[in-house]
Amino acid sequence: MAVVLASCAPSTGVGSSGPSPSVETTDWERSVDGAFAADEDGVPFAFPFLGGLNVPRPQFVDIDADGDLDLFVQERTNDLMFLENVGSATAAVFEWRTDRFMNLGLGEWNRFTDLDADGDLDLLAEEPFSYVRYYRNDGSPQAPAFVLLPDSVLDAEGEPVFSDRQNIPSVADIDCDGLPDLFLGRVEGTVTRYEMVPGTGADPRFRFVTGRFEDIEIVNQLGSLHGANSMAFADHDGDGDADLYWGDFFEPGLLIIENRGSCDAPNLRSAPGPVPATAPISTSGFNAPMPADIDGDGDLDLFVGVLGGAFNPNRTASDNFHLYERLADGTVELRTTRYLDGIDVGSESLTVLRDLDADSDLDLLISNKIDAHDLQRASLYRFDNVGTPTEPRFRAAGTFDVGRDYHMAPAFGDLDGDGDDDLLLGTWNKGVALLLNVGTPEAPRFTVADSQFVKLTRGSNTTPTLGDLDADGDLDLVIGEASGTLNYYRNIGSSAEPRFELVSDEYGGFDVGRRSAPTLVDADGDQDLDLIVGRETGGVSFFRNVGTRAAPEFEEAEAPDLPLWSFATPSFGEIWCQGREQVGCSTWKRASRPLLSESHASRPQPCSRIGHRPLTKRRCPIAPPPLPRSRNGVPIAPRRRVLKWCANRSP
């Protein structure tokens, strides 16, 4: 994840030189559509700054009882993203509401289901480690209020139900007797079935039925019987009974086991077949199925979250949320591999806001770990700002040709004194490369001058940042790396011929854990450079300069309060000057997708807030604009909400 701050001040990017904006450290709110962004053809992204998806586990349920399907996606342990359907049952339009629905802790998986038969949705989830927790909905269908029961889910004998945490269970009434059945996939390819004990819905108990449901034993194409798996029950063939969808770590496709029996007498002993029957799904493996009638036409469409298995997850680091539409003849046909379409360049990214074409506005540059379309390299993607400094409109403009390394980490600055930006490029295991701009400020073209311009004393994943730390008029260099320490190199050359001399490979004695990603920026507005350092987990660290511009002394201070994901890589730059500061962030773990947040300290409080209960709806007095469509054909929700979740802080 990278953080990009925008304020009304001169700009800087990850590792970029130049004057720096002041950084507010509190009261930030995330926005997924605060700036327009489009692909190379000008087609807008539906969710440009959602942050992308890496291992999506989707569910479609009507959480507010308004007659349409809302969307939940689990991307991270314990967190559940919620997108409300503000369209209709036949024309879904989703708006992001929160990354952590009601602050519920969910472990590695979750399943909405009405266990107590009271007409609203309850929630099952993983109880770490490898047990099952139960959130009973004590609210209503329109305003859910989930209450965690104190004990994990038990069987009829009072023993905890064990569920391998890497496997995603399913709940279905497989025999149509009115009692929910709980199905647990096992790593050996079998399925365990429990049935709920009658009358225990408020505090459910499950009776063990069998450890080999229908004698199912999935043997994958690699011959191994061991692997994480996901399943879902739904009527795939429209004959009125539940069939079984199955995906696992060692299966590149999705399997269907058809129910050849009936609703009250199931028979799932047929051989597994591929989905679709022609042109089967083929991904990196571990495909999580989720059938849902998203277009309200009375048949089940099929969504698939690609979690990444035995067939190189780097291939599907961005194309991992598939929609297959059900056709009139009962077959399914692929519609998109990016259902929630946003800026997404693949794996572990860093973002830079920099004026790449000398037109006085900030463009967006995103690097990654490995390019999903060329697994032998990383890439440096460019998004030109075709708008203005105060109303940015980012449009994809291809990539920069900067070599074939992995884990690219760019830092810009004029390193040869010719008035245009040159580039230092951190890499996975080759240190930092120097690339000089042999083009112009308006049309940069970078060529490698030294592929190992700076080589660390130890470590990998070099992440450089440039700034004048000793006030002598040239750029000095701080480099983060895999171990979590900082390397400081003083420029003992000049602004036109830099020579970086190592001062310390444990600068300041700072150690942020792993994968330090520093940025030099004036974070407190006192005209000297501070350090904000991203890391593998836990957001960012803030080291305030309590010395001077020429003799810095850094001490740790309170970091910005931002909901950052893993592998935070901070970057700063101006994109709005409308009385409020904005912060964007890009990407957690293997994803490279900018997110956008904004300070709301200096603007009216919006109608929409998240994380409060009970949830209610109201109409906002804004006329609905036309709904443009994104690259995958999904309508884009209006920038100004027509229908929003509104705060209700009453107990």
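Scope of this entry: the structure provided in the associated data block. (Residues numbered from 1 in each chain as written. Predicted model: local features only at pLDDT ≥ 70, side-chain atom pairs only at ≥ 80, totals over all residues. Heavy atoms only, no water.)

### Points about the pairing of strand β28 (residues 393–400)
We count it as follows: We treat two strands as partners when DSSP finds at least two bridges between them. Secondary structure counts use DSSP, requiring at least four H or I residues in a row for a helix and at least two E residues in a row for a strand, with both numbered from the N terminus.
Sheet analysis places strand β3 (residues 36–38) next to β28, joined by three bridges and oriented parallel. Bridge pairing in β28 places F36 opposite R393. Pairing of strand β27 (residues 380–385) with β28, which is carried by five bridges, proceeds in the antiparallel orientation. Following the sheet pairing, F383 is matched in β28 by A396.

### Overview of the sheet that holds strand β16 (residues 205–210)
Ordered by their spatial adjacency, five strands build an open sheet running β12-β16-β15-β14-β13, and the pairing between neighbours is mixed. In this open sheet, the two edge strands, each paired with only one partner strand, are β12 (154–155) and β13 (170–172).

### Topic: unusual backbone geometry
Of note, the bond from P128 into F129 is cis; its omega dihedral lies within 30 degrees of zero at 0°. Mapped onto the secondary structure, F129 falls in the loop between β9 (122–127) and β10 (131–137). For the bond from V275 to P276, the omega torsion is -15°, close enough to zero to count as cis. By the secondary structure assignment, P276 is in the loop between β20 (273–275) and β21 (287–292). In this structure, E214 takes a positive phi of about 55° despite not being glycine. The backbone of N461 sits at a positive phi, close to 55°, despite the residue not being glycine. Inspection of the secondary structure puts N461 in the loop between β32 (446–454) and β33 (463–467).

### Description of the pattern of salt bridges
The cut-off we apply is this: Any carboxyl oxygen of Asp or Glu that lies within 4 Å of a side-chain nitrogen of Lys or Arg is treated as forming a salt bridge with it. Accessible area is worked out with a 1.4 Å probe on protein chains only. A residue is then buried under 20% of its type maximum, exposed over 50%, and partly exposed in between.
Here the structure, examined in full by the defined rule, presents 34 salt bridges. For the salt bridge of E84 with R97, the shortest nitrogen-to-oxygen distance reads 2.9 Å. Note that E84 is positioned in strand β6 (residues 79–85) and R97 in strand β7 (residues 94–98), a separation of 13 residues in sequence. Of the two residues, E84 and R97, neither departs from the other in class, the shared state being buried. A salt bridge links D215 to R212; the shortest N-O distance between them is 3.9 Å. By relative accessible area, which is 46% here, D215 ends up partly exposed. What makes R212 partly exposed here is its relative accessible area of 39%. Connected via shared salt-bridge partners are D175, D181, R193, E195 and R207.

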